[in-house]
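# Architecture and fold: a report
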Amino acid sequence: MTTIKFLKEDREVVVADGANLRLKAIENRIDIYTFVGKMTNCGGYGQCGTCIVEIVDGMENLSPPTETEKKKLKKKPATYRLACQTLVNGAVTVKTKPSAK
């Protein structure tokens, strides 16, 4: 078991190793989508790029970025991940809905 700390929401969620970040956020009522993202998200298939989160701490505890992520996030900071493509394998701190950079 490990934890995901959602910084803006001031919440910590205990999850099993290998848990999908997007699914655990949704299950715990953590809103990861902006207004537009709520209406246009692809449901977790990595196609829309609307579930972007910023990893504040614990990047080494996440699965490596997928090819889909690399394409969608190529102009974003290295600390950004798509929650739907990210598996959590250790403690991590996440900022939801990071401001555009």
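The shown structure was predicted, so the numbers you read here are calculated from the model rather than taken from an experiment.

Ranked by size, the top nonpolar core spans 23 residues in total, and within it I4, F6, L21, I32, C51, V92 and V94 carry the most contacts. Among the secondary structure elements, those contributing two or more residues to this core are β1 (2–6), β2 (11–15), α1 (21–27), β4 (52–57), β5 (80–82) and β7 (92–96). Broken down by element, this core gets its largest block of residues, three residues, from β4. Residue contacts for V92: discarding those within four places in its chain leaves T3, I4, K5, I55, D57, G58 and L62.

So, about the pattern of salt bridges. If you walk through the whole model with that rule in mind, you get five salt bridges. With its nearest N and O atoms 3.4 Å apart, the salt bridge here joins K97 to D31. Here K97, found in the segment after β7, pairs with D31, found in the loop between α1 and α2 (35–40); they are 66 residues apart in sequence, far enough to count as distant. We classify K97 as partly exposed; its relative accessible area is 31%. What emerges from the salt-bridge pattern is a single network uniting D31, K38 and K97.

Here the focus is the state of the cysteines. If you walk through the whole model with that rule in mind, you get zero disulfides. The thiol of C42 is unpaired, and the distance to the nearest cysteine sulfur, on C48, comes to 3.7 Å.

This brings us to a nonpolar patch on the surface. A contiguous nonpolar patch, built from F35, V36 and M39 and spanning about 370 Å² of accessible area, is present on the exposed surface. Looking at the secondary structure, you find M39 in helix α2. For M39, a relative accessible area of 59% puts it in the exposed group.

What follows is about the layout of surface pockets. When its volume is computed, the largest pocket comes out at roughly 160 Å³. Together, eleven residues line the largest pocket, and T34, T50, I52, K76 and P98 are the ones closest to its centre.

About the criteria used
Residues numbered from 1 in each chain as written. Predicted model: local features only at pLDDT ≥ 70, side-chain atom pairs only at ≥ 80, totals over all residues. Heavy atoms only, no water. Core = buried A, V, L, I, M, F, W, Y, C linked by side-chain atoms within 4.5 Å. Buried < 20%, exposed > 50% of the residue type's maximum accessible area, 1.4 Å probe, protein only. Helix = DSSP H or I, 4+ residues; strand = E, 2+ residues; numbered from the N terminus. Contact = heavy atoms within 4.5 Å. Salt bridge = Lys/Arg side-chain N within 4 Å of Asp/Glu carboxyl O. Disulfide = S-S within 2.5 Å. Patch = residues over 30% accessible without salt bridge, like charges linked within 9 Å, V, L, I, M, F, W, Y side chains within 5 Å. Areas by Shrake-Rupley, 256 points an atom, 1.4 Å probe, with all protein chains shown as cover. 1 Å grid on protein atoms, 1.4 Å probe; cavity = no way out; pocket = protein on both sides within 12 Å on 5 of 7 lines; lining within 4 Å. Points joined across faces, edges and corners; volume = space filled by probe spheres on them.

Such coordinate-based values are descriptive only and should not be taken to indicate function.
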